[in-house]
Amino acid sequence: MSKQEWDALTRSEEAFMVNSYEIDILPGVRGDLDQSRPVSELAEILLALIDRGWIEVRRIAPWASPSEENGFQPGELVPRHQLPAVLEDAAAWEYPEDGDWVGALTLVETEAGKKITRLSPEKMAE
């Protein structure tokens, strides 16, 4: 992808791509966009990026480092056929009230998505 193609992304598409690069939970996207936009509209944008093969939706899973520090990592993939119903739930787009992120939806870029978010200097010049 060239810089021109990156520049052709809408602000919403760009927000989803950046959040997938950051492996952020789904509510992080909402914070980067107009909060009044309906969940159904945001889900449509995300599903289109998933269908392009650029983003996956996974569930946050607990993780322990080799030094036994606890953290989180992307866990199981949410199958594409389940996503419309999962993304319809407005609670999935909000930060967990109890602060427990385990099971929350997270965005992860695919190998194809990395070609979008990590432009080479040559591509940036195009």
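Residues numbered from 1 in each chain as written. Predicted model: local features only at pLDDT ≥ 70, side-chain atom pairs only at ≥ 80, totals over all residues. Heavy atoms only, no water.

> Describe in detail the pairing of strand β1 (residues 55–64), supporting the description with residues and values.
As paired elements, β1 and strand β3 (residues 105–109) share five bridges and run antiparallel to each other. Each bridged residue has a counterpart across the sheet, and for Arg58 the counterpart in β3 is Thr106. Here β1 pairs with strand β2 (residues 70–77) via six bridges, running antiparallel. Pairing of Arg58 across the sheet is with Leu77, part of β2. Here β1 folds back onto β2 in antiparallel fashion, the turn holding five residues, of which Glu68 has a positive phi close to 70 degrees. (Pairing = 2+ DSSP bridges. Helix = DSSP H or I, 4+ residues; strand = E, 2+ residues; numbered from the N terminus.)

> Go over helix α4 (residues 39–51) with me, naming the residues and quoting the values.
With 13 residues, α4 should cover 18 Å at 1.5 Å per step; its first-to-last C-alpha distance of 18 Å lies within 8% of that length. Along α4, the positions that sit buried rather than exposed are Val39, Leu42, Ala43, Ile45, Leu46, Leu47, Leu49 and Ile50. (Expected span 1.5 Å × (residues − 1). Buried < 20%, exposed > 50% of the residue type's maximum accessible area, 1.4 Å probe, protein only.)

> If you had to explain the nonpolar core to someone new, which residues and values would you point to?
Residues Phe16, Leu26, Leu46, Ile55, Leu87 and Trp93 are the most contacted members of the largest nonpolar core, which totals 28 residues. The element that contributes the greatest number of residues to this core is α4, accounting for eight residues. Aside from chain neighbours lying at most four places away, what touches Leu46 is Phe16, Leu26, Ile55, Val57, Leu87 and Leu107. (Core = buried A, V, L, I, M, F, W, Y, C linked by side-chain atoms within 4.5 Å. Contact = heavy atoms within 4.5 Å.)

> Which residues make up the packing of aromatic side chains, and what values do they have?
The final tally for this structure, using the stated rule, is three aromatic pairs. Taking 6.4 Å as the distance between ring centres and 40 degrees as the angle between the ring planes, the aromatic pair formed by Tyr95 and Trp101 counts as tilted. Judged by its relative accessible area of 45%, Tyr95 falls in the partly exposed class. Grouping aromatic residues by their ring pairs yields a cluster made of Phe72, Tyr95 and Trp101. (Phe/Tyr/Trp six-rings, centres within 6.5 Å; stacked < 30°, edge-to-face > 60°.)

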